[in-house]
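Chain by chain, the residues run as shown.
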Amino acid sequence: MSSIPLLLGWLGIMEMFAYGMAATVFIVAVVWAVVPADMKVFVGHQATAFTQELRKEADKGLNRKEADGSVKEADKGVVTR
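The structure presented is a predicted model; accordingly, all values stated were derived computationally and were not measured.

1. What about the packing of helix H1 (residues 3-11) against helix H2 (residues 15-34)?
Argument step 1. The geometry of H1 relative to H2 is characterised by a closest axis approach of 8 Å and an angle of 150 degrees between their N-to-C directions. The pairing of H1 with H2 is recorded here as roughly antiparallel in orientation. Crossing handedness for the pair H1 and H2: left-handed. Along the contact surface, H1 presents Pro-5, Leu-6, Leu-8, Gly-9 and Trp-10, while H2 presents Glu-15, Ala-18, Tyr-19, Met-21, Ala-22 and Phe-26.
Argument step 2. Considering only residue class, the contact of H1 with H2 consists of nine nonpolar, one polar and one charged.

Here is what the cut-offs are and how they apply
- Residues numbered from 1 in each chain as written.
- Predicted model: local features only at pLDDT ≥ 70, side-chain atom pairs only at ≥ 80, totals over all residues.
- Heavy atoms only, no water.
- Axes fitted to C-alpha atoms, helices over the stretch in contact; angles between N-to-C directions.
- Helix = DSSP H or I, 4+ residues; strand = E, 2+ residues; numbered from the N terminus.
- Parallel < 35°, antiparallel > 145°, perpendicular 65-115°, else oblique.
- Left-handed = near helix turned anticlockwise from the far one by under 90°.
- Contact = heavy atoms within 4.5 Å.
- Nonpolar A, V, L, I, M, F, W, Y, C, P; charged D, E, K, R; others polar.

Below, the structure is given as structure tokens:
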């Protein structure tokens, strides 16, 4: 993941930003490596729950008929899945 910012830095494109991003990725990788396994499992479960909640909210926004329970006259033109 850090190879793209490093490549940009070596090419001289956005050097400060590229090297900063590469350093951030490496620091996060080192911190993640020293985190206990139980904490990694906990973070994984929380991330899964968060993505499921986001998916529910997105489905509500995409499919107005199921989210509202009622269909208004203006919503009849909305395409549903």
